[in-house]
Amino acid sequence: MNRRCAAITGIGVVAPNGIGADDYWKALCEGRSALGPIDREGCEHLPLRTAGLVRGFDAEQYVEPRYLVQTDRFTHFAMAAAELAMADADLADHPDDPYGVAVVTAAGSGGGEFGQRELQHLWAEGPHHVGPYQSIAWFYAASTGQISIRGGFKGPCGVVASDEAGGLDALAHAARAVARGTDAVLAGAAEAPVAPYSMVCQLGYPGLSTAEDPERAYRPFGSDAAGFVPAEGGAMFVVEDEHTARLRGARPRARIAGHTATFTGAARWAESREGLAHAIRGALAEARCAPDEVDVVFADALGVPEADRAEALALGDALGDHAGRVPVTAPKAGLGRAHCGAPALDVAAAVLALEHGLVPPTPHTADCPHGLDLVTGGHPRAVGLRTALVLSRGLMGSNSALLLRRP
């Protein structure tokens, strides 16, 4: 990331609390929660009761019919978010040089809803009733493939499979592609894991909250934290060389200044302290940023007491005394955790926070016994912001830290 400065020029959001960056940001600043009962068909008898669901999403508004029948809901989200991001960046759908535009997404759950439907056809009606797109729609790389095919993008496309933290790693991958000469990269993540098969696959996660009351189901860093809830949605971004973006008249919204990823093992939350601290130090070093220059932290905020404690200690290890003074927020407490889409949504929130000089609150959580300056109370905090640190950990052990700077 040294030769060219990678900047985010476009943001597209599909989230439980709003579609589009403006609606998403308004809901975050108002501290609105989008958590609610899971009312999807086939989920009635599962122990999971609460999730962050994207309601009112009309896929036909964003995706052509021929792509709709080929793809799962998670790809519908990604394609819609990509279209919104390109419009925000004023990036042409079909560029003059298709090899200059790439696509990089991350995914953890894949197309579970599509796959389940086709398997039901298989067992109930026989193999001749299984559609040909079953072979691709469930695949975690489907979103990258369909976005690139639809837009005619032939740059160095890829997919990141690094657990939930992949939502940050995809942006780092995009920034390094820009540094190597790619003109623009569509990068991000979107997930749709709230379908019966996908939910059953998640039941083995010990940190999953089975609370029925949405107000109490997900309270990260709180004294009464009792796990997290799943969610769907995500965000896509246009990442470009900042100088090139300015030449074409685009507005750089934030620089991707530094990133580091580590691995500490599945559910080893005590050990995640060391891995996350190492990732934070690495991101700071790459950005040539002193710890006291970090103006806000968008926390991973798992909602599992041991994991929350480890994250707070990791911040102390990496930022020193500044860890107790810097504002920390976890807006995902009002959305749920959309796997790889969760940190992508945090990046969108961080970019908007840098632009507006506001730190959105952490819904539901009233106290923080971990020594952090957690922004709570249902109202945003006005702060002069130049640098934002976004953190993510995956349930299988990945850790990632991404540093953003205001242009």
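As the structure is a computational prediction, the values presented were derived from the model and not from experiment.

### Some remarks on the nonpolar core
So, point 1. Ile8, Tyr24, Phe237, Val239, Val347 and Leu404 are the most contacted members of the largest nonpolar core, which has 50 residues in total.
So, point 2. Counting residues per element, this core draws most heavily on helix H12 (residues 341–356), at 10 residues.
So, point 3. In this view, Tyr24 contacts Val13, Ala15, Asn17, Gly18, Leu335, Leu345, Asp346, Ala348, Ala349 and Leu352; residues no more than four positions away in its chain are not counted.
So, point 4. Formed by 48 residues, the second largest nonpolar core is a distinct cluster that contains Ile38, Ala287, Ala312 and Leu389.

### Concerning empty space enclosed by the protein
So, point 1. Applying the stated criterion to the full structure yields 1 cavity of 30 Å³ or more.
So, point 2. One number sums up the size of the largest cavity: a volume of about 30 Å³.
So, point 3. If you trace the largest cavity, you find it lined by Asn17, Ala27, Leu28, Gly31, Arg32, Pro331, Gly334, Leu335, Pro361 and Pro363.
So, point 4. Looking at the lining of the largest cavity residue by residue, the classes come out as 6 nonpolar, 3 polar and 1 charged.

### As for the packing of aromatic side chains
So, point 1. Applying the stated criterion across every chain, the model contains 4 aromatic pairs.
So, point 2. An angle of 5 degrees between the planes, with centres 5.8 Å apart, marks the rings of Phe57 and Tyr62 as stacked.
So, point 3. Residue Tyr62 is classed as buried on the basis of its relative accessible area of 13%.
So, point 4. By the ring-pair criterion, three or more aromatic residues cluster together here, those being Phe57, Tyr62 and Phe77.
So, point 5. When the ring centre of Phe114 is taken as reference, the NZ or CZ atom of Arg117 above it lies at 4.7 Å.
So, point 6. Lying over the aromatic face of Phe228, Arg337 brings its terminal NZ or CZ to 5.8 Å of the ring centre.

### Re the environment of His356
So, point 1. With respect to the element layout, His356 can be found in helix H12.
So, point 2. On the basis of relative accessibility, which here comes to 46%, the residue His356 falls in the partly exposed class.
So, point 3. In the structure, His356 is positioned 102 residues away from Ala254 in sequence and 12 Å away in space, judged by C-alpha atoms.

### Focus: helix H1 (residues 21–29)
So, point 1. Here H1 has its buried residues at Ala21, Tyr24, Trp25, Ala27, Leu28 and Cys29.
So, point 2. The inward-facing, buried residues of H1 abut strand E1 (6–15), strand E2 (18–19), H12 and strand E12 (358–359).
So, point 3. A positive backbone phi angle near 65 degrees is found at Gly31, which sits one or two residues after H1.

### Quick look at a nonpolar patch on the surface
So, point 1. On the surface, Val69, Tyr133 and Ile136 cluster together to form a nonpolar patch covering roughly 250 Å² of accessible area.
So, point 2. Take Val69: it is sitting in the loop between helix H2 (65–68) and helix H3 (73–89).
So, point 3. Judged by relative accessible area, Val69 falls into the exposed class, the value being 53%.

### Digging into the packing of H1 against H12
So, point 1. Between H1 and H12, the shortest axis-to-axis distance is 10 Å and the interhelical angle comes to 80 degrees. Taken together, the axes of H1 and H12 are roughly perpendicular relative to one another. Every residue of H12 that contacts H1 at Ala21, Tyr24, Trp25 and Leu28 is listed here: Leu345, Asp346, Ala348, Ala349, Leu352, Ala353 and His356.
So, point 2. Its residues placed into classes, the contact of H1 with H12 shows 9 nonpolar, 1 polar and 1 charged.

### Considering helix H10 (residues 269–287)
So, point 1. Counted at 1.5 Å a residue, the expected span for H10 with its 19 residues is 27 Å, and the 27 Å between its end C-alpha atoms agrees.
So, point 2. Against the buried residues of H10 lie strand E9 (254–263), helix H11 (305–319), strand E15 (387–393) and strand E16 (398–405).
So, point 3. Following H10 by one or two positions, Arg288 adopts a phi angle in the positive range, close to 55 degrees.

### Some words on the pattern of salt bridges
So, point 1. The final tally for this structure, using the stated rule, is 25 salt bridges.
So, point 2. For Arg393, the salt bridge identified is with Asp300, shortest N-O distance 2.9 Å. Residue Arg393 is located in strand E15, and its partner Asp300 is located in the loop between strand E10 (296–298) and H11; the two are separated by 93 residues in the primary sequence.
So, point 3. Using a relative accessible area of 1% as the deciding quantity, one classes Arg393 as buried.
So, point 4. Judged by its relative accessible area of 0%, Asp300 falls in the buried class.
So, point 5. Between Arg381 and Asp373 there is a salt bridge, with the nearest N and O atoms lying 2.7 Å from each other.
So, point 6. Among the ionic contacts, a cluster of salt bridges with common partners joins Glu164, Asp300, Glu311, Arg337 and Arg393.

The rules behind each value
- Residues numbered from 1 in each chain as written.
- Predicted model: local features only at pLDDT ≥ 70, side-chain atom pairs only at ≥ 80, totals over all residues.
- Heavy atoms only, no water.
- Core = buried A, V, L, I, M, F, W, Y, C linked by side-chain atoms within 4.5 Å.
- Buried < 20%, exposed > 50% of the residue type's maximum accessible area, 1.4 Å probe, protein only.
- Helix = DSSP H or I, 4+ residues; strand = E, 2+ residues; numbered from the N terminus.
- Contact = heavy atoms within 4.5 Å.
- 1 Å grid on protein atoms, 1.4 Å probe; cavity = no way out; pocket = protein on both sides within 12 Å on 5 of 7 lines; lining within 4 Å.
- Points joined across faces, edges and corners; volume = space filled by probe spheres on them.
- Nonpolar A, V, L, I, M, F, W, Y, C, P; charged D, E, K, R; others polar.
- Phe/Tyr/Trp six-rings, centres within 6.5 Å; stacked < 30°, edge-to-face > 60°.
- Lys NZ or Arg CZ within 6 Å of the ring centre and 35° of its normal.
- Patch = residues over 30% accessible without salt bridge, like charges linked within 9 Å, V, L, I, M, F, W, Y side chains within 5 Å.
- Areas by Shrake-Rupley, 256 points an atom, 1.4 Å probe, with all protein chains shown as cover.
- Salt bridge = Lys/Arg side-chain N within 4 Å of Asp/Glu carboxyl O.
- Axes fitted to C-alpha atoms, helices over the stretch in contact; angles between N-to-C directions.
- Parallel < 35°, antiparallel > 145°, perpendicular 65-115°, else oblique.
- Expected span 1.5 Å × (residues − 1).

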